[in-house]
Amino acid sequence: MSLTIGKKSLGSKLFDLCNVVLLTIFAVTCVYPFLNVISVSFSTPSASNTFGLRLWPEQFTLEGYKMVFSNKYIWTGYYNTLFRTLVGTLLNVIFSVLCAYPLSKKYLPNRNLWTLLIIFTMFFSGGLIPNYLLISELGLMDSRWSLILPGLIAPFTMIIVRNYFMSLPAEVEESAKIDGAGDLLILFRIVLPMSLPIIATISLWYAVAHWNAWFDSLLYIRDPDKTVLGTVLRKIVIEGSQQFEQYEQAFNKDAANVNPSIIKAATIMVATIPIICVYPFIQKYFVKGIMIGSLKG
């Protein structure tokens, strides 16, 4: 007979305790570096140069953020990233839904064939050079649309939406058809209002992907005024010394109050905080959407 304390056995309580300890350690390892970046971004050069990690700023200052926001490429990067994120996410969701809805219907001719062709693209692609040549031949080089149109539909995300649509009760749509509603009317007036969890989930996925993307901008964009924030962040963080020299030349009077580590930390925070603030508004839909959308085959 197992030793029990209350309603749970001793072994169960120990298991729960181990889970709490391990997850707490994991959470700390994720949050602590983020807090360190925040503290460095608000610290003076003398404090930021000291060795070790910290939880709060030493000798608080806003000079790093002043210099970051004084750089015009931060603002143009924000504009281009916001344009890409808002327009790209809207088009991604629309076309993913329009592709997933017919594939969720058993009466669609050759439905399995079309689904397999789409899944095939998840495992095999043309590669970097064919994609570059395609963008060039389409006349999309140095255009913001080159960052949006190539990834208009993500196959994995579309399959998740398709599975969610398949989980909805068919009787609702049948009743609407009896009343004379067409497919588009059923989709936009009945199916989509019932699919808010999955719509919110894929919107978050697409928005985060667009916000964090930088490599395609590095390939296809030559005009600095069309560069996204991720590319600007890369230039400051990875090419930090060269970028900091440009800061120093432009803002020589403030250069004594900052150093490259402060500029890097402040830029990381400026680029990260906005997309983090979006998650709490979508969190309540996230778990439900992903669970239902991933279960039905």
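Residues numbered from 1 in each chain as written. Predicted model: local features only at pLDDT ≥ 70, side-chain atom pairs only at ≥ 80, totals over all residues. Heavy atoms only, no water.

**Regarding the pattern of salt bridges**
Where charged atoms of side chains with opposite charge meet at close range, the side chains can pair. Per the stated rule, a full pass over the model turns up 3 salt bridges. Salt-bridge contacts for Glu63 lead to Lys66; the nearest nitrogen and oxygen are separated by 3.6 Å. Placement of the pair is Glu63 and Lys66 together in helix α3 (residues 63-70), with a separation of 3 residues, close to one helical turn. With a closest N to O distance of 2.6 Å, Asp216 and Arg84 form a salt bridge. Of this pair, Asp216 sits in helix α11 (residues 215-220) while Arg84 is found in helix α4 (residues 72-103), placing the two residues 132 residues apart along the sequence. (Salt bridge = Lys/Arg side-chain N within 4 Å of Asp/Glu carboxyl O. Helix = DSSP H or I, 4+ residues; strand = E, 2+ residues; numbered from the N terminus.)

**Here we look at the confidence of the model for the protein chain**
Averaged over all residues, the pLDDT of the protein chain is 81; the fraction at 70 or higher stands at 83%. Between the elements of the protein chain, mean pLDDT differs from a low of 46, seen in strand β1 (residues 4-5), to a high of 92, seen in α4. Note that pLDDT drops below 50 for residues 1-5; the model gives that stretch 5 contacts with residues more than four away or on any other chain. (pLDDT = per-residue confidence, 0-100. Contact = heavy atoms within 4.5 Å.)

**Quick look at the environment of Pro102**
With respect to the helices, strands and loops of the structure, Pro102 is situated in helix α4. A relative accessible area of 32% means that Pro102 is categorised as partly exposed. With near-sequence residues (within four places) excluded, Pro102 lies in contact with Val97 and Leu108. (Buried < 20%, exposed > 50% of the residue type's maximum accessible area, 1.4 Å probe, protein only.)

**Things to note about the environment of Leu98**
Positionally, Leu98 belongs in helix α4. Sequence-wise, Leu98 and Met158 are 60 residues apart; in three dimensions their C-alpha atoms are separated by 9.4 Å. Setting aside residues no more than four positions away along its own chain, Leu98 makes contact with Leu187 and Phe188.

**What about the packing of α4 against helix α12 (residues 229-237)?**
Between two packed helices, what matters for the description is the angle formed by their axes and the separation of those axes. It is at 7 Å that the axes of α4 and α12 come closest, and there the two elements cross at 145 degrees. Contacts from Tyr73, Ile74, Gly77, Tyr78 and Thr81 in α4 reach Leu229, Gly230, Val232 and Ile236 in α12. Split into classes, the residues belonging to the contact of α4 with α12 amount to 6 nonpolar, 3 polar and no charged. (Axes fitted to C-alpha atoms, helices over the stretch in contact; angles between N-to-C directions. Nonpolar A, V, L, I, M, F, W, Y, C, P; charged D, E, K, R; others polar.)

**So, helix α7 (residues 155-167)**
Taking 1.5 Å as the rise per residue, α7 with 13 residues should run 18 Å; its terminal C-alpha atoms sit 19 Å apart, in good agreement. Within α7, 11 of the 13 residues are buried, which leaves the element mostly enclosed by the surrounding structure. Those residues of α7 that sit buried are Pro155, Thr157, Met158, Ile159, Ile160, Val161, Arg162, Asn163, Tyr164, Phe165 and Met166. (Expected span 1.5 Å × (residues − 1).)

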